[in-house]
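Chain by chain, the residues:
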Amino acid sequence: MDFIEGLGRSSRISFNKLGRATHFLIQTISGVMSVFMRPRLLTKQLYSVGVMSFLIITISGLFVGMVLGLQGYYTLSDFGAEETLGVMVAASLVRELGPVVSALLFAGRAGSALTAEIGLMKATEQLSGMEMMAIDPIKRIITPRFLAGLISMPLLAGIFSAVGIIGGQIVGSGLLGVDEGAYWSQMQASIDFYDDIINGVIKSIVFGFVASWIALFEGYDAIPTSEGVSRATTRTVVNSAFTILGLDFILTALMFGDH
Amino acid sequence: MQHTRNQDTLVGLFVASGIAGLFFLAMHVSNLSSFSDEDSYTVTAKFENSGGLKVKSPVSAAGVKIGKVTSISFDPKTYKSVVQLSINSKYNTLPDDTTASVFTAGLLGEQYVNLEPGGSETYLKKGGEIEITQSAIILEKAIGQFLFKSAAEEKK
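Residues numbered from 1 in each chain as written. Chains lettered and ligands numbered in written order. Predicted model: local features only at pLDDT ≥ 70, side-chain atom pairs only at ≥ 80, totals over all residues. Heavy atoms only, no water.

## Thoughts on the domain arrangement of chain B
The domain architecture assigned to chain B consists of domain 1 (1-33) and domain 2 (40-139). For domain 1 of chain B and domain 2 of chain B, the distance between their C-alpha centroids amounts to 42 Å. (Domains from an automatic or database assignment.)

Here it is as structure tokens:
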């Protein structure tokens, strides 16, 4: 009986949280117009969300591409198919690893920082202070950060994939002797602009949306104590990772299902 | 003021490099730059059997890719496979007695349409049909025939 009761309670609590999160999202999106009035708020957040994640994304992308080049070469050379290394590296980066790994890094690097920042603002009653001055904290604080995440994510994923493909080329044709022309021409013959690249960009926009939503909501919803903020930050990283990987499976099944 | 200007510069650099990355993916990694539909013409070829040919399979002549397969359908009247080939308009001097055959690149590679030009003076036109075709070689069929033949020889 206790188990059934516990299940009922936890579903009531998570249902309630889902409702609050949706309400929060609607409020956030309805504040978009006021950000267009003050674009400086947006560039400031693009700086802290996008520019600050640039280095980690570039370096990780380079290494992921180099590892793909090495591992792909070892497997493909067994079949005498080293020339298709470019296809393997580009397809796995553009379709999966680019959007997913950059979204996971984004959630760890920028999402946790957003949660901690907003949680601390709430704990030190800065958000209530703004309300006292008749400034809507959602419009002033939340929406610019949300938009910055939404804009940064596809750009970061594009940088990640591009740098990774170059990394794969450095290892593949620079160190292991795959023909450089074959690397690029096989890639161009197999990668489709709409099926692969546009779908990858759509994935990264969805991930950017979800990761920023989770990070901002967890911060806004945090219990205003130092322990509450620390828990909210942990939840952001864990929940974002779960959601990104789960959504990636669904999106892949929808986008690449008919191949 | 100096601080905000620095920030603006860095944000600008970030956005520019993001767009450059996406542009690189579009132009250098994908097939967007190689063929667009505008500068190509379509011809039809009917095969007895088009084998494992797929939409987007390459069309090549003398080993060089000159186009791609745009559609494959079954004709219920002649029981043939109707394959639409989109060929780059640069190569508009193919004779109208060109032979189209379905080949396999290597033993396990993908299938493609090979065009072998004939000797006619008139060229293939837009919407024209390649009349001389050669079907795909179905490996199972060939092995089956070979086994059947060697079994028959042993009986003698």
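The structure having been displayed, the exposition proceeds.
## Considerations on the confidence of the model for chain B
With 91% of its residues at a pLDDT of at least 70, chain B reaches an overall mean of 82. Ranking the helices and strands of chain B by mean pLDDT puts strand 4 (residues 80-88) of chain B first, with 88, and helix 2 (residues 139-155) of chain B last, with 83. (pLDDT = per-residue confidence, 0-100. Helix = DSSP H or I, 4+ residues; strand = E, 2+ residues; numbered from the N terminus.)

## Remarks on the interface of chain A and chain B
Contact residues are listed per partner, giving 29 residues for chain A and 21 residues for chain B. Interface area, chain A with chain B, both sides summed: about 2,300 Å², of which 75% is carbon and sulfur. At the junction of chain A with chain B, the criterion picks out 1 salt bridge. A salt bridge links D8 of chain B to R40 of chain A; the shortest N-O distance between them is 3.7 Å. On inspection of chain A and its partner chain B, the count reaches 1 residue pair in polar contact (both at pLDDT 80 or more). Sorting the residues of the side of chain A that touches chain B by element identifies helix 3 (39-78), helix 4 (85-123), helix 6 (137-175), helix 7 (180-190) and helix 8 (193-220) of chain A as the ones contributing at least two each. Looking at the side of chain A that touches chain B, the element that brings in the most residues is helix 6 of chain A, giving 10 residues. Considered class by class, the residues forming the side of chain A that touches chain B number 19 nonpolar, 6 polar and 4 charged. (Contact = heavy atoms within 4.5 Å. Buried area = accessible area lost by both parts, 1.4 Å probe. Salt bridge = Lys/Arg side-chain N within 4 Å of Asp/Glu carboxyl O. Polar contact = N/O pair within 3.5 Å; in protein donor to acceptor, adjacent residues only side chain to side chain. Nonpolar A, V, L, I, M, F, W, Y, C, P; charged D, E, K, R; others polar.)

## Looking at the sheet that holds strand 2 (residues 58-61) of chain B
All names here are of chain B. Spatially, the 8 strands line up as an open sheet ordered 7-1-4-3-2-6-5-8, and their pairing is mixed. Both edges of this open sheet fall to strand 7 (129-130) and strand 8 (132-134), since each of them pairs with a single strand only. By the bridge criterion, 8 bridges tie strand 1 (residues 40-47) to strand 4 in an arrangement that is antiparallel. Bridged to V43 within strand 4 is L85. (Pairing = 2+ DSSP bridges.)

## Concerning unusual backbone geometry
The backbone of E125 of chain A shows a phi angle near 60 degrees, a positive value even though the residue is not glycine. Tracing the chain through its elements places E125 of chain A in the loop between helix 4 and helix 5 (126-132). Note on E125 of chain A: relative accessible area 56%, which makes it exposed. Notably, A62 of chain B is not glycine yet its phi reads approximately 55 degrees, a positive angle. In this fold, A62 of chain B is placed in the loop between strand 2 and strand 3 (64-75). The exposure class assigned to A62 of chain B is exposed, which follows from its relative accessible area of 77%. (Buried < 20%, exposed > 50% of the residue type's maximum accessible area, 1.4 Å probe, protein only.)

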